[in-house]
Amino acid sequence: MKFSTPEGKIDTPEVNADYETASRFEKTRVGVLGVFFPSGFGTKYIPYSYIDQAFIRIHEVDGKLCCGKATFYYYRIVFVHNGKEFADIMSENEKLTDEALSAIGRAAPQIKIGK
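Quantities reported herein were computed from a predicted structural model and do not represent experimental measurements.

A. Seen up close, the packing of aromatic side chains. Throughout the structure, instances matching the rule amount to 7 aromatic pairs. On the numbers, 5.0 Å between centres and 90 degrees between planes, the contact of Tyr 50 with Phe 86 is edge-to-face. One end of the pair, Tyr 50, is in the loop between β6 (42-47) and β7 (53-65); the other, Phe 86, is in strand β9 (residues 84-91), with 36 residues separating them in the sequence. For Tyr 50, a relative accessible area of 16% translates into the label buried. When its relative accessible area of 27% is taken as the criterion, Phe 86 is described as partly exposed. Three or more aromatic residues joined by ring pairs make a cluster, and in this case those are Phe 3, Tyr 19, Phe 36 and Tyr 45. Just above the ring of Tyr 19 sits the side chain of Arg 29; from NZ or CZ to the centre is 4.0 Å. The ring of Phe 55 has Lys 115 sitting right over it, with the charged end atom 4.5 Å from the ring centre.

About the thresholds
- Residues numbered from 1 in each chain as written.
- Predicted model: local features only at pLDDT ≥ 70, side-chain atom pairs only at ≥ 80, totals over all residues.
- Heavy atoms only, no water.
- Phe/Tyr/Trp six-rings, centres within 6.5 Å; stacked < 30°, edge-to-face > 60°.
- Helix = DSSP H or I, 4+ residues; strand = E, 2+ residues; numbered from the N terminus.
- Buried < 20%, exposed > 50% of the residue type's maximum accessible area, 1.4 Å probe, protein only.
- Lys NZ or Arg CZ within 6 Å of the ring centre and 35° of its normal.

See the structure below:
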């Protein structure tokens, strides 16, 4: 399986095996070597060595409905490299987003977790 990375395409047995055995948090997979998530028509792979920082950004969206208003929350795991945000993964599930970020921190303690 080919994966898209911030530095180009990759297809190695090690990365394929990591994808297959990675812990799943909805559409996000957290492996030993990096993070995997759907992107376009393929799968994005971000090796831990490329990530300097990861944190959660919360988006609050006010919706107007026929019977009034409702507030919706979206959670994004944001990845930073060299001071720039380069990728994020969106979810509506706060608990799984928090668990995925914690798993990233455990797998790669060199990554700064949080702002």
